[in-house]
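Chain by chain, the residues run as shown.
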Amino acid sequence: QVQLVESGGGLVQAGGSLRLSCAASGRTFSRYAVGWFRQAPGKERECVAAITWSGGSTYYADSVKGRFTVSRDNAKNTVYLRMNSLKPEDTAVYYCAAREGVGTYSYPAQYIYWGQGTQVTVSS
């Protein structure tokens, strides 16, 4: 079993940056693919980025390509989401999720383990 804890959210002005962290428990975290999702009020949860267990392949939603970067440090059991050039429309609760597997996965139903979420608010 894997437990996930997100951190790094907060309030930032448009154009600013944040780095989210997803810290995992469990000694086999390196076998898990990880996704970053966000959910704004009244909207469905959407995947913004995903990364394979090795970090060798990534996925980005069109809305964040060129602005967000997902990476991982398996020695630290941590996955990161670097968010640059933030926009007010990036405001949401951000979640990380994990599952065993060799690919990148972009649908919520594909994931088994979820963190509690961290709020990101971008002011205009």
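See the structure above.
In what follows, the accompanying structure is described. Nothing here was measured: the structure is a model prediction, and the numbers come from that model.

1. Considerations on the packing of aromatic side chains
Using the criterion set out here, one finds seven aromatic pairs in the structure. When the centroid spacing of 6.5 Å and the interplanar angle of 15° are considered together, the rings of F29 and Y32 count as stacked. Overall, the relative accessible area of 5% leaves Y32 in the buried class. With 5.3 Å between their ring centres and 85° between their planes, F37 and Y111 make a pair best called edge-to-face. Residue F37 is found in strand 4 (residues 32–39), and its partner Y111 is found in the loop between strand 9 (92–100) and strand 10 (113–114); the two are separated by 74 residues along the sequence. When sorted by exposure, F37 lands in the same class as Y111, which is buried.

2. A few points about the nonpolar core
Residues L4, F29, W36, L81, M83 and Y94 are the most contacted members of the largest nonpolar core, which totals 31 residues. If you list the elements that add at least two residues to this core, you get strand 3 (18–24), strand 4, strand 5 (46–51), strand 7 (68–73), strand 8 (78–83), strand 9 and strand 11 (118–123). Setting aside residues no more than four positions away along its own chain, M83 makes contact with G16, S17, L18, L20, R67, F68, Y94 and V120. One finds A33, A97, Y105 and Y111 within the second-largest nonpolar core, a separate group that totals seven residues.

3. Some details on the side chain of R72
Locating R72 in the fold gives a position in strand 7. Although R72 is buried, it forms no salt bridge, and the closest oppositely charged side chain is D73 at an N-O distance of 8.3 Å. Reaching out from R72, the side chain makes a polar contact with the backbone oxygen of F29 at a distance of 3.2 Å. For R72, the side chain forms a polar contact with the side chain of N74, separated by 2.7 Å.

The rules behind these values
Residues numbered from 1 in each chain as written. Predicted model: local features only at pLDDT ≥ 70, side-chain atom pairs only at ≥ 80, totals over all residues. Heavy atoms only, no water. Phe/Tyr/Trp six-rings, centres within 6.5 Å; stacked < 30°, edge-to-face > 60°. Buried < 20%, exposed > 50% of the residue type's maximum accessible area, 1.4 Å probe, protein only. Helix = DSSP H or I, 4+ residues; strand = E, 2+ residues; numbered from the N terminus. Core = buried A, V, L, I, M, F, W, Y, C linked by side-chain atoms within 4.5 Å. Contact = heavy atoms within 4.5 Å. Lys, Arg positive; Asp, Glu negative; His and termini not counted. Salt bridge = Lys/Arg side-chain N within 4 Å of Asp/Glu carboxyl O. Polar contact = N/O pair within 3.5 Å; in protein donor to acceptor, adjacent residues only side chain to side chain.

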